[in-house]
Amino acid sequence: MTAQNVWRGAGRRIEICDVGLRDGLQMEAQFVPTQDKIVLVEALAAAGLTKIEVTSFTSPTAIPALRDAEIVMREIVRRPGVAYTALVPNVRGAERAIESGTDELNLVMSVSETHNLANLRMTRAQSFAALSQVIAVARGAGVPVNVSLSCVFGCPMEGDVPHEEAFAWVQRFADLGVAGITLCDTTGMAYPTQVVQAVAAALARWPQLAFTLHFHNTRGLGLANVLAAIDAGATRFDASLGGLGGCPYAPGASGNVCTEEVVHALQLMGYDTGIDLPALLAAARRLPALIGHEVPGQITKAGQRLDLHPPPPGLPAIRERALARAAAA
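Residues numbered from 1 in each chain as written. Predicted model: local features only at pLDDT ≥ 70, side-chain atom pairs only at ≥ 80, totals over all residues. Heavy atoms only, no water.

**Notes on the overall build of the chain**
When helices and strands are counted, the chain shows 15 helices and eight strands. Scored against the burial criterion, the 329 residues of the chain give a buried share of 50%. (Helix = DSSP H or I, 4+ residues; strand = E, 2+ residues; numbered from the N terminus. Buried < 20%, exposed > 50% of the residue type's maximum accessible area, 1.4 Å probe, protein only.)

See below:
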């Protein structure tokens, strides 16, 4: 396959995991009713998403927006072939998630010591020890684990994080037998050439791991970074319905890459996402009424590229006058 064909897609399958119901809603001040969350999950599955991060089994006090995690996970009508995942912070969260029928546990820590302390109130060593216990619980229950490593592409308090430092944490979790690793641009600091180098190196070093890329659009480079990662061989991405999300330690953060924008772009370029874009857009259009404000995503506002509009009124008369001027010239 030529480089040109890779860039244009040539039918390559790209898997999208929507994280909006967790990464997005956890940032919202307005509580989205439980039944509406369930409807959104089912709408995403019906649109063709094969992986959905449904919620987070964190303390209801810490994240009240997701205090209904058990109810949502238990009451969604599940589609065959769809993995319903959740973030879990500790053993108790893992137990709650497993009891609720979660298909995969997503664990989070930062490769930046400062960010990990600020975000999780633990050193990286403490996080790794705690997550190792969660992995053991999941293994005992036969539930796969994915680990999301934050700040792989930079920390807003430390600056650049050397790839080898980030990869050392990948190796530690690989040694514990996790199924996948997500390389997270938590604060929107990644740029395309950096992404290409990191993704190519990770895929070459750990071919047995399922790598996912998680980009934020803080500085407008989210979609460019997705395309750069694909060019380097990545096939799995997180994205957020409506472009919801962000990070409290990234001032001015606009949210995660937008699911419908990523799907729209990839389909135009010939990639196969397996997603029904009109159905996805219908789900995204539910969000403003549920969260009380507009979403960052643009496709629901501007429409798809070939969503045509009627010409302005009076165009036939304008044409006639133009032709008359041309005849008189």
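**Here we look at helix 10 (residues 222-231)**
In terms of burial, helix 10 is a largely internal element, seven of the 10 residues being buried. For helix 10, the full list of buried residues reads Gly222, Asn225, Val226, Leu227, Ala228, Ala229 and Ile230. Positive backbone phi, approximately 115°, marks Gly233, located one or two places after helix 10.

**Observations concerning the sheet that holds strand 5 (residues 145-150)**
Spatially, the eight strands close up into a barrel ordered 1-2-3-4-5-6-7-8, and their pairing is parallel. On average, each strand axis in the sheet is tilted by 25° relative to the strand beside it, whichever way the strands run. Relative to strand 3 (residues 83-87), strand 2 (residues 51-56) is paired through five bridges, and the arrangement is parallel. Residue Thr55 lies in a different strand from strand 3, and its bridge partner there is Ala86. This element, helix 10, spans strand 6 (180-185), strand 7 (210-215) and strand 8 (236-239) of the sheet and lies at about 160° to strand 7. (Pairing = 2+ DSSP bridges. Axes fitted to C-alpha atoms, helices over the stretch in contact; angles between N-to-C directions. Contact = heavy atoms within 4.5 Å.)

**Some details on the pattern of salt bridges**
When the charged atoms of two side chains with opposite charge come close together, those side chains can pair. One pass over the full model with this rule turns up 12 salt bridges. The salt bridge partner of Glu113 is Arg124, with a shortest N-O separation of 2.7 Å. On the criterion of sequence distance, the pair formed by Glu113 in helix 6 (residues 113-120) and Arg124 in helix 7 (residues 124-141) is long-range, its members being 11 residues apart. We classify Glu113 as partly exposed; its relative accessible area is 24%. A cluster of three or more residues bridged by salt bridges with shared partners is formed by Arg13, Glu15 and Asp272. (Salt bridge = Lys/Arg side-chain N within 4 Å of Asp/Glu carboxyl O.)

**Thoughts on the pairing of strand 1 (residues 15-18)**
A regular strand carries its side chains on alternate faces of the sheet. Alignment of strand 1 against strand 8, held across four bridges, turns out to be parallel. For Glu15, the partnering residue across the bridge sits in strand 8 and is Arg236. Two strands pair when backbone bridges link them, and strand 1 and strand 2 are joined in this way by two bridges, in the parallel orientation. Across the sheet, Asp18 pairs through a bridge with Ile52, a residue of strand 2.

**With respect to the environment of Val41**
Mapping Val41 onto the fold places it in helix 3 (residues 34-46). For Val41, a relative accessible area of 1% corresponds to the buried category. For the pair formed by Val41 and Met73, sequence separation is 32 residues and the distance between their alpha carbons is 9.5 Å.

**A look at the layout of surface pockets**
Taken as a whole, the largest pocket spans an internal volume of roughly 770 Å³. In this structure, the largest pocket is lined by 36 residues; those nearest its centre are Arg22, Gln26, Leu87, Asn119 and Leu120. Of all the elements in the fold, those that place two or more residues in the lining of the largest pocket are helix 2 (20-24), strand 2, strand 4 (104-110), helix 6, helix 7 and strand 5. Here the lining of the largest pocket takes four residues from helix 6, the largest share from any one element. Looking at the lining of the largest pocket, its residues break down into 16 nonpolar, 15 polar and five charged. By volume, the second largest pocket is sized at about 310 Å³. Lining the second largest pocket are 22 residues; nearest its centre among them are Cys17, Lys51, Glu104, Thr212 and Arg236. For the lining of the second largest pocket, the per-class residue count stands at eight nonpolar, eight polar and six charged. (1 Å grid on protein atoms, 1.4 Å probe; cavity = no way out; pocket = protein on both sides within 12 Å on 5 of 7 lines; lining within 4 Å. Points joined across faces, edges and corners; volume = space filled by probe spheres on them. Nonpolar A, V, L, I, M, F, W, Y, C, P; charged D, E, K, R; others polar.)

**A word on the packing of aromatic side chains**
Scanning all chains against the criterion turns up five aromatic pairs. For the ring pair Trp206 and Phe211, a centre distance of 6.2 Å and an interplane angle of 50° mean the geometry is tilted. Of the two residues, Trp206 and Phe211, neither departs from the other in class, the shared state being buried. Here the guanidinium or amino end of Lys37 rests over the ring plane of Phe31, the centre of that ring lying 3.9 Å away. A cation over a ring is seen here: Arg67 above Phe31, with NZ or CZ 3.9 Å from the ring centre. (Phe/Tyr/Trp six-rings, centres within 6.5 Å; stacked < 30°, edge-to-face > 60°. Lys NZ or Arg CZ within 6 Å of the ring centre and 35° of its normal.)

**As for the environment of Ala45**
Structurally, the position occupied by Ala45 is in helix 3. For the pair Ala45 and Leu280, spaced 235 residues apart in sequence, the C-alpha separation works out to 9.4 Å. Beyond its immediate sequence surroundings of up to four residues, Ala45 is in contact with Ile52, Arg79, Val82 and Tyr84.

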